Each structure stands twice: as structure tokens, then as C-alpha cells.
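Structural features, examined
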Amino acid sequence: MSSFKERWNIKSNWQVFVIILVFAITGSSAAYLSKPILSLFGIVKGNVSNWLYYPLYILLIFPVYQVLLVSFGFIFGQFTFFWAFEKKMLKSMGLGFLVKDKKNLE
């Protein structure tokens, strides 16, 4: 636990608990919200082939998860941690152009 706290610059066990809670809530919420979003586009499990539905469902979970992660992080008072986590994750996936660094702006 101490290596985790040191690696992510976390100060207390309470903060670790809140961060783990945010990850759990975000994952569940992203999976839950993706189905109604697909249905808004007329993509419903019974009307579309499973070969199309599940890949679209899984692909949609990713952007929903990203937005919810920062949102729930803000709600739980951990925006700084999750914004840094988000930027690092997007850069590692080759999507760093979506977030601008202050270093590159100067």
C-alpha cells in the first residue's frame, strides 16, 4: 500500500479508499449507462446481431468511462489525481493530442 501511495503521491489511507471507490463506481456506471446510450441510436440487443451489439457496447464504454472518471473524481474531491491519471492514460494510448500540456503552450 505504501508503494501505491508513494507512486501516486497519495497522502492518506482515506484518499486511497476514495480513489478505489471512484474507480469502482465509474466502472459500474459506465457499463450501466452505455446500454441506454446505444438504444438512443436504435441499437438494441434484440434488434441487432450480437456480433455488432457487443463490440459497439464495449467501444462505447471507453469514452463514457473517461468522462465519468474525471466527473466522479471531481465529485469526491480527487479531481487533481484523476485528471493527472486521465492525461497519463490518454498519452500512453497515443491520444495525448486530446489533452494539452501547459509546457507545450508556453
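In this report, the structure presented in the accompanying data block is examined. (Residues numbered from 1 in each chain as written. Predicted model: local features only at pLDDT ≥ 70, side-chain atom pairs only at ≥ 80, totals over all residues. Heavy atoms only, no water.)

**So, the side chain of Ser34**
- Looking at the element boundaries, Ser34 is found in helix H2 (residues 13-40).
- Here the side chain of Ser34 touches Ala30 through a polar contact of 2.7 Å, landing on its backbone oxygen.
- If sequence neighbours within four positions are ignored, Ser34 has contacts with Tyr57, Leu60, Ile61 and Val64. (Helix = DSSP H or I, 4+ residues; strand = E, 2+ residues; numbered from the N terminus. Polar contact = N/O pair within 3.5 Å; in protein donor to acceptor, adjacent residues only side chain to side chain. Contact = heavy atoms within 4.5 Å.)

**Some points on the nonpolar core**
- In this structure, Val22, Leu38, Leu69 and Phe82 are the most contacted members of the largest nonpolar core, which totals 20 residues.
- Looking at this core, the elements that each hand over two or more residues are H2, helix H3 (50-75) and helix H4 (79-92).
- At eight residues, the largest contribution of residues to this core is made by H3. (Core = buried A, V, L, I, M, F, W, Y, C linked by side-chain atoms within 4.5 Å. Buried < 20%, exposed > 50% of the residue type's maximum accessible area, 1.4 Å probe, protein only.)

**Some points on H2**
- Relative to the 40 Å expected for 28 residues at 1.5 Å per residue, H2 spans 41 Å between its end C-alpha atoms, a close match to the ideal helical length.
- The set of residues buried in H2 consists of Gln15, Val16, Val18, Ile19, Val22, Thr26, Ser29, Ala30, Ser34 and Leu38.
- Against the buried residues of H2 lie helix H1 (2-7), H3 and H4.
- Just beyond H2, the residue with positive phi is Gly42, at close to 80 degrees. (Expected span 1.5 Å × (residues − 1).)

**Observations regarding the packing of H2 against H3**
- Taken N-terminus to C-terminus, the directions of H2 and H3 make an angle of 135 degrees; their axes are 7 Å apart at the nearest point. The angle between H2 and H3 falls in the class oblique. The element H2 and its partner H3 pack so that their crossing is right-handed.
- Among the residues forming the contact of H2 with H3, the class breakdown is 18 nonpolar, five polar and one charged. (Axes fitted to C-alpha atoms, helices over the stretch in contact; angles between N-to-C directions. Parallel < 35°, antiparallel > 145°, perpendicular 65-115°, else oblique. Left-handed = near helix turned anticlockwise from the far one by under 90°. Nonpolar A, V, L, I, M, F, W, Y, C, P; charged D, E, K, R; others polar.)

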